[in-house]
Amino acid sequence: MKSVGADVKAALLWIVLLFSAMSGLSRTFVREEEIGSADILRLLGTPTAVFAGKLVFNLGLMALVELVVAPLYFVVLPVPMSAGRLLALSGVLVLGGIGMASASTFVAALISLSSGGEGRSALFFVVAFPVLAPSMLAAVQATFAAIAPEAAPMNALHNGLVMLASYDIVVTTAAFALFGTVWSDA
Amino acid sequence: MKTFLKALLGVWMVLVIIGAFTFVPPARGFQVPALARIMIFHVPQAMTATLASLLSGVFALRYLMRRKIIEDMRANAAAMIALLFWVLTTVTGAVFAKVEWGAYWNWDPKQECIFVLLLIYFAYFALRSAIGDVHKRAAVCAGYTLFAAVSVPFLTYVLPNAPGIQTNHPSGVVFSMDGMDSKYKLVFWSATIGFAALAWWIYRLSVQIDVLTSAAMARLRRTGAAG
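These numbers were taken from a predicted model, which means no experiment stands behind them. (Residues numbered from 1 in each chain as written. Chains lettered and ligands numbered in written order. Predicted model: local features only at pLDDT ≥ 70, side-chain atom pairs only at ≥ 80, totals over all residues.)

Before going further, it helps to spend a moment on the overall build of chain B. Each helix and strand in chain B was counted, giving six helices and zero strands. Taken along its principal axes, the extent of the C-alpha atoms in chain B is 70 × 50 × 30 Å. Within chain B, the fraction of its 227 residues that count as buried is 33%. Within chain B, residue pairs in contact and separated by at least 24 positions form 73% of the contacts whose partners lie at least 6 positions apart. (Helix = DSSP H or I, 4+ residues; strand = E, 2+ residues; numbered from the N terminus. Buried ≥ 20, exposed ≤ 12 C-beta atoms within 10 Å, placed from the backbone. Contact = placed C-beta atoms within 7 Å.)

Further remarks concern the environment of Leu-84 of chain B. Tracing the chain through its elements places Leu-84 of chain B in helix H3 (residues 69-101). In this structure the C-alpha to C-alpha distance between Leu-84 of chain B and Trp-200 of chain B, which are 116 residues apart in sequence, comes to 13 Å.

So, on to the nonpolar core. Core analysis: the largest hydrophobic core is formed by 113 residues, its most contacted members being Val-107, Leu-110 and Val-127 of chain A together with Ala-82 and Leu-127 of chain B. If one sorts the elements of this core by residue count, helix H6 (residues 120-147) of chain A sits on top with 17 residues. The contacts of Leu-110 of chain A, once residues within four sequence positions are left out, are Val-127 and Val-182 of chain A together with Leu-127, Val-140, Gly-143 and Tyr-144 of chain B. (Core = buried A, V, L, I, M, F, W, Y, C linked by C-beta atoms within 7 Å.)

On to the confidence of the model for chain A, then. Scored by pLDDT, chain A comes out at a mean of 88, with 96% of its residues at no less than 70. The spread of mean pLDDT over the elements of chain A runs between helix H2 (residues 30-35) of chain A, the lowest at 82, and helix H4 (residues 47-76) of chain A, the highest at 93. (pLDDT = per-residue confidence, 0-100.)

What follows covers the confidence of the model for chain B. With 90% of its residues at a pLDDT of 70 or more, chain B has an overall mean of 86. For this predicted complex, the interface confidence comes out at an ipTM of 0.87, alongside a pTM of 0.87.

Once that is clear, we can look at unusual backbone geometry. All names here are of chain B. Unlike most non-glycine residues, Arg-67 shows phi in positive territory, near 60 degrees. Here Arg-67 shows up in the loop between helix H2 (39-66) and H3. In this structure Arg-67 comes out as partly exposed when scored by C-beta crowding, with 15 C-beta atoms within 10 Å. Of note in this structure, Trp-107 is not a glycine but carries a positive phi near 55 degrees. Topologically, Trp-107 is positioned in the loop between H3 and helix H4 (109-130). Overall, the presence of 9 C-beta atoms within 10 Å leaves Trp-107 in the exposed class.

Turning our attention to the interface of chain A and chain B. Facing 32 residues of chain A, the contacting portion of chain B comprises 28 residues. Going through the elements one at a time, helix H5 (83-112), H6 and helix H7 (156-183) of chain A are the ones with two or more residues in the side of chain A that touches chain B. Element by element, the count of residues in the side of chain A that touches chain B is highest for H7 of chain A, at 11 residues. In terms of residue class, the side of chain A that touches chain B is built from 25 nonpolar, six polar and one charged. (Nonpolar A, V, L, I, M, F, W, Y, C, P; charged D, E, K, R; others polar.)

Our focus in this paragraph is H7 of chain A. The end-to-end C-alpha distance of H7 of chain A, which contains 28 residues, comes to 39 Å, matching closely the 40 Å that a straight helix rising 1.5 Å per residue would cover. Considering bend angle alone, the principal kink of H7 of chain A is centred on Ala-177 of chain A and spans about 30 degrees. (Expected span 1.5 Å × (residues − 1). Bend = angle between axes of the 7 residues up to and from the residue.)

Structure, rendered in structure tokens:
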């Protein structure tokens, strides 16, 4: 059987991660609205505290998903590994995971306010995907540079990591700033 | 006065179209210089779309600060105009890409960006249609607009300009001193003014429709509750 290229492997890894993490991440706030505990959270906690709690939980969930999915993925689709490549790959996974967790926590809060019922999870994907697209593109490029450094353009890993880190900072800041205005109003 | 301005806009756009096809000389430096005339439509449309996107973000911010529902209607109308003009930009760009690069869609970095940008607008309207309560909808849509606004610059500026990424899309032609000759400049900026005025007119109309619709709905609810 012919082996797939490193670029395909990099893209597939993030597709697998996206779909396995999203099903859990999308439920963050919807569950609170469904069992009616969202109003208690609104009364008892400041928006920042509520969002921080949800974000920490989602970061843990994301880390768990990556710890299970990534090793399994590279068992099924092996790539030549070394200590340096492993370190680079872990950096990409950590930074990409943070961006995915914080962007989808905010989108989950928006979705929980919709009157969608069962359609909410479909709506979650529609709304979360374009917001996540820039970080996913950067993550795929950086993953490619991490697992196949010889084929990647110069500085691709460094550029990808810098872009992922700046996306994480900007998106997390914006989410904290905007969450209060959306959450307390509902 | 209003009728006069509308008539003037009609004549203006007709002149721009005639001028684009007959008055301007073929542009140098393109595969088929005569067909580069589409730039007179493509670039002003992109500029109008950018302005409408910025306006939509400003109104979203104003809604979150003032909580007046009219700001949400304005943001919505501006987003509609932005989507309309981004679609026009994409279509004219694709037509010229066929001439210049050989295919309607090449997944050039610029095309990847516009693709995700269109998805963001589709998601915005999907989100809007999923929320019934007016104030909740306004708050969620404003939150989403501003959240998308901070992730878009990564898409439009950081990613295409990263080292190692090559785009075939020309840039900086419009604002450089020797980019266009005087005939081109005249028709180009006339087209920009024309498209911006057209967008402004559509925007005003759609805000008015929104205001009237919500007033009519409120009256219907009142009389329905009384009867």
